[in-house]
Amino acid sequence: MKIQESKQGAVMVLKPAGPLQQADAAEFKTAAMRVLSSNLGRFLVDMSAMPFVDSLGLEALLDVTEELQKSGQMLKLCTTNKTVREVLTLTGIDPMFEHFDDVNTAVRSFL
């Protein structure tokens, strides 16, 4: 999995390309935790290039959001496709994340 990192103001945007599944979940979690510690939690995940997520991918997302919750924050997801959104809803973990339709709206939510 390729994970593109870009900065918009003080916010780091992670954009994983490809499915978040068993083979890539640890890599994603490592990248997200590194960004979290270096950016004081000011980051979001652009899900536009992520076609689906499996159970280990969900676990990686939950681990990151649990770390953010220690400081009273939530993981912000944007441009989540219908399939991934359904998985989050069906598993009951959808409310643990903040959802945005596009990257700009998600970035502005930090202001």
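Quick look at the structure, then. (Residues numbered from 1 in each chain as written. Predicted model: local features only at pLDDT ≥ 70, side-chain atom pairs only at ≥ 80, totals over all residues. Heavy atoms only, no water.)

### What about the environment of Ala-25?
Thinking step 1. Note that Ala-25 resides in helix H1 (residues 22-38).
Thinking step 2. By relative accessible area, which is 7% here, Ala-25 ends up buried.
Thinking step 3. Linking Ala-25 and Asp-63, residues 38 residues apart in sequence, is a C-alpha distance of 11 Å.
Thinking step 4. Filtering out sequence-adjacent residues up to four positions away, Ala-25 remains in contact with Leu-20, Leu-56, Gly-57 and Ala-60. (Helix = DSSP H or I, 4+ residues; strand = E, 2+ residues; numbered from the N terminus. Buried < 20%, exposed > 50% of the residue type's maximum accessible area, 1.4 Å probe, protein only. Contact = heavy atoms within 4.5 Å.)

### Section: the packing of aromatic side chains
Thinking step 1. A complete count under the given rule lists zero aromatic pairs for this structure.
Thinking step 2. Over the ring of Phe-110 we find Lys-76; its NZ or CZ atom is 4.6 Å from the centre of that ring. (Phe/Tyr/Trp six-rings, centres within 6.5 Å; stacked < 30°, edge-to-face > 60°. Lys NZ or Arg CZ within 6 Å of the ring centre and 35° of its normal.)

### Some words on the pairing of strand E2 (residues 11-17)
Thinking step 1. With five of its seven residues buried, E2 lies for the most part within the structure.
Thinking step 2. Where strand E1 (residues 2-8) lies against E2, seven bridges are found, and the strand directions are antiparallel. Along E2, the bridge assignment pairs Lys-7 with Met-12.
Thinking step 3. Note: E2 against strand E3 (residues 43-46), three bridges, orientation parallel. (Pairing = 2+ DSSP bridges.)

### A few points about the nonpolar core
Thinking step 1. Phe-28, Phe-43, Leu-75, Leu-77 and Phe-97 are the most contacted members of the largest nonpolar core, which has 27 residues in total.
Thinking step 2. Listed by contribution, the elements that provide at least two residues to this core are E2, H1, E3, helix H2 (55-69), strand E4 (75-78) and helix H3 (82-90).
Thinking step 3. By size, the runner-up hydrophobic cluster in this structure holds eight residues, among which are Val-13, Leu-44, Cys-78 and Val-107. (Core = buried A, V, L, I, M, F, W, Y, C linked by side-chain atoms within 4.5 Å.)

### Considering the pattern of salt bridges
Thinking step 1. Taken as a whole, this structure holds five salt bridges when the rule is applied.
Thinking step 2. As a salt-bridge pair, Lys-29 and Asp-63 come within 2.9 Å of each other at their nearest N and O atoms. Of this pair, Lys-29 sits in helix H1 while Asp-63 is found in helix H2, placing the two residues 34 residues apart along the sequence.
Thinking step 3. Using a relative accessible area of 30% as the deciding quantity, one classes Lys-29 as partly exposed.
Thinking step 4. On the basis of relative accessibility, which here comes to 22%, the residue Asp-63 falls in the partly exposed class. (Salt bridge = Lys/Arg side-chain N within 4 Å of Asp/Glu carboxyl O.)

### Quick look at the side chain of Lys-76
Thinking step 1. Note that Lys-76 resides in strand E4.
Thinking step 2. Once you skip the residues sitting within four places of it in the chain, Lys-76 turns out to touch Leu-44, Val-45, Glu-98, Phe-100, Ala-106, Ser-109 and Phe-110.

Coordinates in, geometry out; function isn't part of it.
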